[in-house]
Amino acid sequence: MSDILQQLAEVLEQRKGADPDSSYVAGLYGKGLDAILKKIGEEATETVMAAKDGDPQQIVYETADLWFHTLVMLAQQGLGPDQVLDELARRFGLSGLEEKANRKQ
Ligand SMILES: N=c1c2ncn([C@@H]3O[C@H](COP(=O)(O)OP(=O)(O)OP(=O)(O)O)[C@@H](O)[C@H]3O)c2ncn1[C@@H]1O[C@H](COP(=O)(O)O)[C@@H](O)[C@H]1O
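I will try to describe carefully the structure that is included in this document. Along each chain, residues carry numbers from 1 onward, in the same order as the chain's sequence is written. Per-residue local features are limited, in this predicted model, to residues with pLDDT of at least 70; the limit for side-chain atom pairs, both in listing and counting, is 80 or more; totals at the level of whole chains, interfaces and linings are taken over all residues. Only hydrogens and water are set aside; all other atoms, that is, all heavy atoms of the structure, feed into the side-chain values.

As for helix 3 (residues 33–53)
Since the α-helix advances by 3.6 residues per turn, residues separated by three or four positions end up pointing in the same direction.
Then, in step 1: The secondary structure listing takes helices from DSSP runs of H or I that are at least 4 residues long and strands from runs of E that are at least 2 residues long, numbered from the N terminus. In a helix, the anticipated span is given by 1.5 Å times the number of residues less one. For helix 3, built from 21 residues, the straight-helix expectation of 30 Å at 1.5 Å per residue is met to within 8% by its first-to-last C-alpha distance of 30 Å.
Then, in step 2: Burial classification: accessible surface area is computed with a 1.4 Å probe over protein chains only, and a residue below 20% of its type maximum counts as buried, one above 50% as exposed, and the rest as partly exposed. Restricting attention to buried positions, one finds in helix 3 the residues Ala35, Ile36, Ile40, Glu43, Thr47 and Ala50. An end-on view of helix 3 places all buried positions within 140° of arc, on one side of the element. Facing away from the buried surface of helix 3 by more than 90 degrees, the exposed residues are Asp34, Lys38, Val48 and Lys52.
Then, in step 3: Every residue pair with non-hydrogen atoms within 4.5 Å of one another is taken to be in contact. Looking at the buried positions of helix 3, the neighbouring elements they touch are helix 2 (24–31) and helix 4 (56–76).
Then, in step 4: At the exit of helix 3 stands Gly54, carrying a positive phi of roughly 80°. The arc in question is traced by the directions running from the helix axis to the C-beta atoms.

Side note on the pattern of salt bridges
Then, in step 1: What counts as a salt bridge is simple: a side-chain nitrogen of Lys or Arg found within 4 Å of a carboxyl oxygen of Asp or Glu. Applying the stated criterion to the full structure yields 9 salt bridges.
Then, in step 2: With its nearest N and O atoms 3.0 Å apart, the salt bridge here joins Arg91 to Glu87. Taken together, the residues Arg91 and Glu87, both in helix 5 (residues 81–91) and 4 residues apart, mark about one turn of the helix.
Then, in step 3: Put simply, Arg90 and Glu99 hold a salt bridge, and the shortest N to O gap is 3.5 Å.
Then, in step 4: Taking relative accessible area as the criterion, Arg90 reaches 41% and is therefore assigned partly exposed.
Then, in step 5: Residue class for Glu99 comes out buried when judged on its relative accessible area of 9%.

Right, here's the structure in full:
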């Protein structure tokens, strides 16, 4: 797995239980799941708008914001990037149609 995803996941774990005023992530945890999900929605919209504008730097910036907030959501739910990467690895090599067929079972 990407080193930075692993390192970031570890920091996100460390922020659990921290004073909400002590950091951005601790503050998000303190606000609860709905606040985290709201950020994901906002960052997804900003990513879409960046892609429509076609500015490569902005697309990367907004996608990083989206990934980051998704990682916060995973951590809040007791999950991490490992599980998502494992799922992508499981799908790798399957065609889209095979993956779709698997979902129906
Ligand atoms: N990668 C990030 C990261 N990406 C984005 N952000 C924050 O996510 C927010 C993005 O939201 P917006 O673009 O809407 O900006 P904003 O208006 O300032 O957002 P709000 O504060 O109003 O929600 C900003 O506050 C960014 O600073 C991040 N905050 C933290 N990290 C990582 O998380 C680690 C832990 O962060 P702390 O808990 O703050 O120490 C840090 O060491 C970083 O590695």
